[in-house]
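Chain and residue survey
Below, each chain spelled out in residue letters.
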Amino acid sequence: MAVIAEEVNLAGYTTLRLGGPARRFVEATTEAELVAAIRAADDEGEPVLVLGGGSNLVVSDDGFPGTVVHIGTRGTERTAAEGGTVHVRAQAGEDWDPFVARCVADGLAGVECLSGIPGRVGATPIQNVGAYGQDVSETIIEVRAYDRESRAVVTLDRAACRFTYRHSVFKGNDRYVVLDVTYALHEAEESQPIAYAELARKLGVRPGERVTLKEARDAVLELRRGKGMVLDAADPDTRSAGSFFTNPVLDPEQLAELQRRVAERLGPDATFPRYPETGDRVKTSAAWLIDRAGFAKGHVLGPARISTKHTLALTNPGGASTADLLALAREVRAGVRDAFGVELVNEPVLVGVAL
Ligand SMILES: Cc1cc2nc3c(=O)[nH]c(=O)nc-3n(C[C@H](O)[C@H](O)[C@H](O)COP(=O)(O)OP(=O)(O)OC[C@H]3O[C@@H](n4cnc5c(N)ncnc54)[C@H](O)[C@@H]3O)c2cc1C
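To keep things clear, this report deals only with the structure shown in the data block. Please read these numbers as outputs of a predicted model, since none were measured by experiment.

1. Examining the site of the ligand
- In the neighbourhood of the ligand, 33 residues make up the surrounding shell, with Val 50, Gly 53, Ser 55, Asn 56 and Gly 130 lying closest.
- Arg 120 has a polar backbone atom sitting 2.9 Å from an oxygen atom of the ligand.
- Here a nitrogen atom of the ligand and a side-chain polar atom of Arg 224 are 2.8 Å apart.
- Within the complex, 94% of the 980 Å² of free accessible area of the ligand lies under protein.
- Elements that contribute at least two residues to the shell around the ligand include exactly strand E3 (48-51), strand E9 (130-131), strand E13 (176-187) and strand E14 (240-243).
- Here the residues of the shell around the ligand are counted per class, giving 17 nonpolar, 12 polar and four charged.

Quick look at the structure:
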């Protein structure tokens, strides 16, 4: 039976350590409990918040006026193996990084560069979790979910998930509750080709070369720790929701405007990061824009602070409220808009608040 409690403070369940009370809090440890809890809340017309590890959530200081369903389903299994590819199905409540660690130890390649990312398996398809040149859209082949519209369990293949950069069919709506995720991994001692220049430099290889799975994982963890991007109770820079803004993807007109503003502000020969996207669109770096707009690492507004290690992470080093954090986010967004004409968009999911 799922554990139900009233008025549970959500700050204890988010990595920002922010968020007021949930009217009702359900701990679901089996799929049956999870589906029953969602159905019951839907029957009552009760708002629902699905909660994993709380590492991509900014919750209102007023809390959540409905039912929070905390996903605690556990377990992984190999569902198929053919031609060096192994399908591994993981329950939504499995912690992500221990899952990655097991894949690496078992000689399964495909998620090694996603080491050190907090949260649980069920959230990985939501924003197509990615880092250091990999994202889960490359390995996810199937997501089983409870569809709150049809009130049935459905299976979505990769195409149906409609993955793009930090986005999918699941993000921005409450329709699906992810029950389990199946990843197609490669039996290999070596990593997938290292795609990310900073990681390749760290490993002393050229982009496109491979290293052992363990070398890739260790290097990613070391890079992430240096940026406060691995949860560490002793490091206040890790009290964040990770990157607060996504990297802007610009169309040719927006790109020309950015080019003009960069030249005006930083000189005619100044350049900025550009990564080709699909079509004629180009992705640039939110961290670069924030930094060049004048927000240094460690910048504070009231009790909220930009991480002292990473320009993109907004933190609650202790004593901040959600309102304080959002005030800092608005200051940064307005500063980048004024300097470069680019509108930054938040990456974490905002609950009961708006930017
Ligand atoms: C220090 C730090 C570093 C980070 N680094 C990265 C990074 O490198 N790359 C990256 O992509 N992200 C990163 N993140 C963001 C975050 O870890 C990921 O987005 C992660 O997948 C969120 O998982 P979670 O279980 O904590 O989700 P939660 O924060 O609990 O939930 C996030 C959203 O997903 C929904 N959700 C969660 N589980 C389910 C489910 N089973 N079914 C339906 N909806 C669900 C929630 O309702 C909410 O809308 C980082 C965060 C932190 C704090």
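After that view of the structure, there is still more to cover.
2. Observations regarding the pattern of salt bridges
- Inspection of every chain in the model, using the stated rule, returns 28 salt bridges.
- Between Asp 218 and Lys 214 there is a salt bridge whose closest N-O contact spans 2.6 Å. Of this pair, Asp 218 and Lys 214 are both found in helix H5 (residues 213-226), four residues apart, which corresponds to roughly one turn of the helix.
- Residue Asp 237 pairs with Arg 305 through a salt bridge whose shortest N-O separation is 3.4 Å. Linking Asp 237 in the loop between H5 and E14 with Arg 305 in strand E19 (residues 304-306), this pair joins segments that are 68 residues apart in sequence.
- The buried category is assigned to Asp 237, whose relative accessible area is 3%.

3. Concerning the side chain of Thr 14
- With respect to the helices and strands, Thr 14 occurs in the loop between strand E1 (3-9) and strand E2 (21-28).
- Ignoring any residue separated from it by four or fewer positions in sequence, one finds Thr 14 in contact with Gly 54 and Val 59.

4. What about the packing of helix H6 (residues 252-266) against helix H8 (residues 322-340)?
- One can describe the packing of H6 onto H8 by two numbers: an axis separation of 8 Å at closest approach and a directional angle of 85°. It follows from the interaxial angle that H6 and H8 lie roughly perpendicular. Residues Leu 258, Arg 261, Val 262 and Arg 265 of H6 pack against Arg 337, Asp 338, Ala 339 and Phe 340 of H8.
- Tallied by class, the residues present in the contact of H6 with H8 amount to four nonpolar, no polar and four charged.

5. What about the nonpolar core?
- In terms of nonpolar packing, the biggest core is built from 42 residues, with Trp 96, Phe 99, Phe 170, Tyr 183, Ile 194 and Leu 199 touching the most fellow members.
- Of all the secondary structure elements, the ones that give two or more residues to this core are strand E7 (85-91), helix H2 (96-105), strand E8 (108-109), strand E11 (140-147), E13, helix H4 (197-203) and H5.
- The contacts of Ile 194, once residues within four sequence positions are left out, are Cys 113, Leu 199, Ala 200, Leu 203, Val 205, Pro 207, Gly 208, Glu 209, Val 211 and Ala 216.
- Counting residues in each nonpolar core, the second largest holds 33 residues, with Leu 16, Val 332, Ala 339 and Val 342 among its members.

Basis of the calculations
Residues numbered from 1 in each chain as written. Predicted model: local features only at pLDDT ≥ 70, side-chain atom pairs only at ≥ 80, totals over all residues. Heavy atoms only, no water. Near = heavy atom within 4 Å. Polar contact = N/O pair within 3.5 Å; in protein donor to acceptor, adjacent residues only side chain to side chain. Areas by Shrake-Rupley, 256 points an atom, 1.4 Å probe, with all protein chains shown as cover. Helix = DSSP H or I, 4+ residues; strand = E, 2+ residues; numbered from the N terminus. Nonpolar A, V, L, I, M, F, W, Y, C, P; charged D, E, K, R; others polar. Salt bridge = Lys/Arg side-chain N within 4 Å of Asp/Glu carboxyl O. Buried < 20%, exposed > 50% of the residue type's maximum accessible area, 1.4 Å probe, protein only. Contact = heavy atoms within 4.5 Å. Axes fitted to C-alpha atoms, helices over the stretch in contact; angles between N-to-C directions. Parallel < 35°, antiparallel > 145°, perpendicular 65-115°, else oblique. Core = buried A, V, L, I, M, F, W, Y, C linked by side-chain atoms within 4.5 Å.

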